[in-house]
Structures are given as C-alpha cells and as structure tokens.
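# Coordinate analysis (summary)
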Amino acid sequence: MNHWGHFLVECVNRLWYALENDVSVDKFVFFVDENEERTIKGNYKEFFELLHIWEKIELVNTPTTYREVIVPEISAACMKFYSPQYLAIFDAVAANARIDPGWTAYDKIYFTRSSFAKGNDYDFGLDSLDSFFRNNGFYLLAPETVTLSHMIYLIRSASEIATI
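Here is a short report on the structure shown in this document.

So, how was this worked out
- Residues numbered from 1 in each chain as written.
- Predicted model: local features only at pLDDT ≥ 70, side-chain atom pairs only at ≥ 80, totals over all residues.
- Heavy atoms only, no water.
- Pairing = 2+ DSSP bridges.
- Helix = DSSP H or I, 4+ residues; strand = E, 2+ residues; numbered from the N terminus.
- Axes fitted to C-alpha atoms, helices over the stretch in contact; angles between N-to-C directions.
- Expected span 1.5 Å × (residues − 1).
- Buried < 20%, exposed > 50% of the residue type's maximum accessible area, 1.4 Å probe, protein only.
- Contact = heavy atoms within 4.5 Å.
- Core = buried A, V, L, I, M, F, W, Y, C linked by side-chain atoms within 4.5 Å.
- Salt bridge = Lys/Arg side-chain N within 4 Å of Asp/Glu carboxyl O.

The sheet built from 3 strands is open, its strands ordered 6-5-7 with parallel pairing. What marks the edges here is a single partner per strand, and that holds for strand 6 (139–141) and strand 7 (160–163). Here the strands of the sheet are splayed against their neighbours by 25 degrees on average, with no regard to which way each runs. Where strand 5 (residues 108–111) lies against strand 6, 3 bridges are found, and the strand directions are parallel. Note that in strand 6 the partner of Tyr110 across the bridge is Leu140.

It is worth spelling out helix 4 (residues 84–95) at this point. The terminal C-alpha atoms of helix 4, which comprises 12 residues, lie 16 Å apart, in line with the 16 Å expected from a rise of 1.5 Å per residue. Residues Tyr86, Ile89, Ala92, Val93 and Ala94 constitute the buried set of helix 4. Its buried side turned inward, helix 4 meets helix 1 (4–11), helix 2 (16–20), helix 3 (42–50), strand 3 (76–77), strand 4 (81–82) and helix 6 (148–157).

Within the largest apolar cluster, 27 residues are counted, with the highest numbers of intra-cluster contacts made by Phe7, Leu15, Phe47, Phe48 and Leu51. Counting only elements with at least two residues in this core, the list comes to helix 1, helix 2, strand 1 (28–31), helix 3, helix 4 and helix 6. Setting aside residues up to four positions removed in sequence, Phe48 forms contacts with Phe7, Leu15, Phe30, Ile40, Ile53, Trp54 and Ile57. In this structure, Ile109, Phe111, Val146 and Tyr153 belong to the second largest nonpolar core, which totals 9 residues.

A word on the pattern of salt bridges. According to the stated counting rule, one finds 4 salt bridges in the structure shown. Taking the shortest distance from any N to any O, the salt bridge between Lys45 and Glu49 comes out at 3.9 Å. With a gap of 4 residues between them, Lys45 and Glu49 both fall in helix 3, about one helical turn apart. Given the relative accessible area of 29%, Lys45 is considered partly exposed. Glu46 serves as the salt-bridge partner of Arg98, at 3.6 Å between the closest nitrogen and oxygen. One end of the pair, Arg98, is in the loop between helix 4 and strand 5; the other, Glu46, is in helix 3, and 52 residues separate them in sequence. You can call Glu46 buried: its relative accessible area is 6%. Linked by salt bridges that have partners in common, Lys45, Glu46, Glu49 and Arg98 make up one network.

Examined against the element boundaries, Tyr106 turns out to sit in the loop between helix 4 and strand 5. With relative accessibility at 26%, the residue Tyr106 sits in the partly exposed group. Between the alpha carbons of Tyr106 and Leu154 there is a distance of 6.9 Å; along the sequence they are 48 residues apart. Sequence-distant contacts of Tyr106, defined by excluding residues within four places in its chain, comprise Tyr139, Leu154, Ser157 and Ala158.

This is how it looks when you write it as structure tokens:
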C-alpha cells in the first residue's frame with residue numbers, strides 16, 4: 001500500500017513470521033492490482049532492508065503458482081488488537097536502523113503535517129499548531145522529509161514527541 005500509515009498497520013502485520021522462522025523461506029509475497037507495475041522505494045524499501053528481507057520481497061500482479069504457500073496469522077487488526085509479535089516487527093526494524101553519528105538529536109519534537117497537507121482539504125489550523133509547538137520549545141519535523149533510520153533515531157533520542 002502506497003500510504004505510510006496504512007503500510008505500517010495493514011501490510012506488515014504478517015511479517016512476524018520472518019523473525020520467528022528459519023531463513024529457508026524463499027520469498028515474501030505481496031499482491032498488487034492485476035497488471036499494476038509498482039516499485040518499492042524510499043522508506044518502504046528501507047523498512048524491508050532493516051528487517052533483512054529486502055532480497056526476498058516479490059510483488060505479484062498476475063496469477064502465480066508456488067510449490068507451497070504459508071500465510072501467517074495477522075499480528076494486529078486496526079482498532080481491535082495487536083500482539084507481541086506485531087511489536088517485535090518494529091523492534092527489529094528499529095534495532096537495525098542505520099544511524100549517522102552526524103545527526104542532531106532533539107529533546108522535544110512535533111511531527112508537523114504542514115508540508116504534507118498542502119492542497120489537502122481535510123487538514124486546517126496547521127499553522128497555529130506549528131506556532132504553538134515552536135513557541136513551546138519543540139523542534140518541528142515533517143516526517144516525510146527524513147529517512148526511516150533518521151526518524152527512528154529522532155524518536156528514540158527525544159523525551160517528548162507530539163503529533164496529530
């Protein structure tokens with residue numbers, strides 16, 4: 001799914017299997033619309049790299065046959081439940097983050113949507129929120145402007161994080 005939040009909640013909840021089972025699994029398959037051509041890049045790609053399964057990711061957009069298919073149980077369902085296996089996926093990604101020693105840590109961070117929401121009719125009052133948090137000592141960060149590893153570093157370094 002080409003939406004970061006939905007990707008994290010709906011698309012990775014079966015990847016606990018990659019952490020708990022042997023490395024003999026040939027592929028981790030994701031289905032996209034029929035005949036759709038999709039490229040995994042940016043933070044999506046980095047997520048799979050940090051989970052150490054990037055080389056085994058396959059996108060399927062046509063009927064395909066496999067010798068054996070394992071469909072792991074979901075480890076989370078939005079607004080219903082999540083399991084320790086779901087959290088383990090993110091712990092593994094965070095543990096493998098590629099940290100640059102030149103990055104600056106901030107004690108208080110506000111994840112602004114001001115840059116992301118340009119032209120979005122659903123968000124309003126963002127300038128007021130930005131001003132409020134800036135005036136209260138928060139560093140404003142547009143999360144879509146940093147790599148996944150950098151975001152992990154910033155989150156783990158901060159004592160306070162605010163977001164919508």
